[in-house]
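Overview (structure and organization)
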Amino acid sequence: MRIKLLVSYDGTSYCGWQVQPNAVTVQEKIEQAIFQVTGEKVRVTGSGRTDAGVHALGQVAHFDTNSSIPPEKFFLALNIHLPDDIKVIKSELAEPDFHATRDAVKKTYRYSTYVSQSILPLRDRYAVQVEKMPDIKKMKETALILLGEHDFKCMSASGGGAKTTVRTIYSIDIIEKDGQIDFYICGNGFLYNMVRIMVGTLLKVGSGKIKKEDVIKMLSTGKRSLGGKTLSAKGLTLMKVEY
């Protein structure tokens, strides 16, 4: 039978989702837990790869098993063997042809920043420091031009291996509260480092270093150099995957 998992993890101590030689990953830890529970060596397939240091609130994965454990109880058994920074929130029986990667139609990421002239230890693990409050209005206006289908080559890092750089962004919500600025970005898929570059570019607009017109030119020319820096992985969380 095929089991669908909803997984949450703090990615700080891991080299991303995907199993790698000589590196500790989230996928590896889950597969080890399944082996301890069932005695089966299985491959767990996630909705996509999160990079080193990236977190997840709603990662989705699936695996096949011959175990007699009820699907809805699997998460309890796995969590006994998982570390405190990786937990399965829910498990359920999936259709035999369900595929966590191929069937995903929307993903929502949150990128978190906080405004402070000094590092705030209780925020800094999951958010990136911004020393001065950016212009939220300018960032929201610029975000509108990123909506819809575009070639986002200019907002991807080399090494991603995507077959096409065209993606569709459905929504970008920028929420500021108590000095924390969260960027919620929903799309049909994301390129390597795309969200981190996109938010870095919006923050550069918000700081007045570039204008909305520069981002329009960035999209039309594909020039990465026109945008902002690639922000740290620690501010990025995979919030939700829709099927």
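Our structure's up above, just so we're on the same page.
All residue numbers here refer to positions counted from 1 along the written sequence of the relevant chain. Local features in this predicted model are restricted to residues of pLDDT 70 or higher, and side-chain atom pairs are both shown and tallied only at a pLDDT of 80 or more, whereas totals for entire chains, interfaces and linings draw on every residue. Hydrogen atoms and water are omitted, and side-chain values are computed over all heavy atoms in the structure.

Focus on the environment of Lys234
- Secondary structure elements follow DSSP: runs of H or I no shorter than four residues count as helices, runs of E no shorter than two count as strands, and numbering proceeds from the N terminus. Tracing the sequence through the fold places Lys234 in the loop between helix 6 (212–221) and strand 10 (236–242).
- A C-alpha to C-alpha distance of 5.3 Å links Lys234 and Tyr126, two positions 108 residues apart in sequence.
- What Lys234 contacts, discounting residues up to four positions off in sequence, is Gly53, His55, Asp124, Arg125, Tyr126, Ala127 and Val128. Contacts: residue pairs with any heavy atoms within 4.5 Å of one another.

Brief notes about the pattern of salt bridges
- Any Lys or Arg side-chain nitrogen found within 4 Å of a carboxyl oxygen on Asp or Glu counts as a salt bridge. Evaluation of the coordinates by the stated rule reveals 6 salt bridges.
- With a shortest N-O distance of 4.0 Å, Glu92 and Lys4 are connected by a salt bridge. Of this pair, Glu92 sits in strand 4 (residues 86–94) while Lys4 sits in strand 1 (residues 2–9), placing them 88 residues apart in sequence.
- To sort residues, take the accessible area from a 1.4 Å probe on protein chains only and compare it with the maximum for the residue type: under 20% means buried, over 50% means exposed, and anything in between is partly exposed. Residue Glu92 is classed as partly exposed on the basis of its relative accessible area, which comes to 30%.
- Between Asp10 and Arg125 there is a salt bridge whose closest N-O contact spans 3.0 Å. On the criterion of sequence distance, the pair formed by Asp10 in the loop between strand 1 and helix 1 (26–38) and Arg125 in the loop between helix 3 (121–124) and strand 6 (128–130) is long-range, its members being 115 residues apart.
- Here Arg125 falls in the partly exposed class, since its relative accessible area comes to 41%.

Structural notes on unusual backbone geometry
- Located in the positive-phi region is Asn22, a residue other than glycine, with phi close to 60°.
- By secondary structure assignment, the location of Asn22 is in the loop between strand 1 and helix 1.
- In the Ramachandran plot, Asp178 falls in the positive-phi region, its phi being about 55° despite a non-glycine side chain.
- When you line up the elements, Asp178 lands in the loop between strand 8 (166–177) and strand 9 (180–187).

Let's talk about the packing of aromatic side chains
- Pairing of aromatic rings covers Phe, Tyr and Trp, the last through its six-membered ring, and needs centres within 6.5 Å; plane angles under 30 degrees mean stacked, over 60 mean edge-to-face, and all others mean tilted. Taken as a whole, this structure holds 4 aromatic pairs when the rule is applied.
- Aromatic pair Phe63 and Phe74: ring centres 5.4 Å apart, planes at 80°, arrangement edge-to-face. Residue Phe63 is located in strand 3 (residues 55–64), and its partner Phe74 is located in helix 2 (residues 74–81); the two are separated by 11 residues in the primary sequence. Take Phe63 and Phe74: they sit in the same class, and that class is buried.
- Residues Tyr109 and Phe190 carry aromatic rings whose centres are separated by 5.2 Å and whose planes lie at 85° to one another, so their mutual orientation is edge-to-face. Residue Tyr109 is located in strand 5 (residues 106–115), and its partner Phe190 is located in the loop between strand 9 and helix 5 (194–206); the two are separated by 81 residues in the primary sequence.
- With a relative accessible area of 18%, Phe190 lands in the buried category.
- The positively charged end of Lys41 is found above the aromatic ring belonging to Phe35, 6.0 Å away from the centroid.
- Here, a charge over a ring is recorded when the distance from Lys NZ or Arg CZ to the ring centre is within 6 Å and its angle to the ring normal is within 35 degrees. Directly above the aromatic system of Tyr170 lies the positively charged group of Lys106, at a separation of 4.9 Å from the ring centroid.

What about the side chain of Thr65?
- Checked against the element boundaries, Thr65 lands in the loop between strand 3 and helix 2.
- A polar contact is formed between the side chain of Thr65 and the backbone nitrogen of Ser67, at a distance of 2.9 Å. In protein, a polar contact requires one atom able to donate a hydrogen and another able to accept it; more generally it is a pair of N or O atoms within 3.5 Å, and residues adjacent in sequence count only if both atoms are side-chain atoms.

With respect to helix 4 (residues 136–144)
- Of all the positions in helix 4, only Ile136, Met139, Thr142 and Ala143 are classed as buried. The buried side chains of helix 4 occupy one side of the element, clustering within an arc of 130° when seen end-on. Summarising the geometry of helix 4, the exposed residues directed more than 90 degrees from the buried face are Lys137 and Leu144.
- Packing partners of the buried residues in helix 4 comprise strand 8, strand 9, helix 5 and helix 6.
- Capping of helix 4 at its N-terminal end is provided by Asp135; its side-chain oxygen lies 3.1 Å from the backbone amide nitrogen of Lys137. Regarding the arc, it is the one traced by the directions from the helix axis to the C-beta atoms.

So far we have only geometry, and geometry alone does not tell us how the molecule works.
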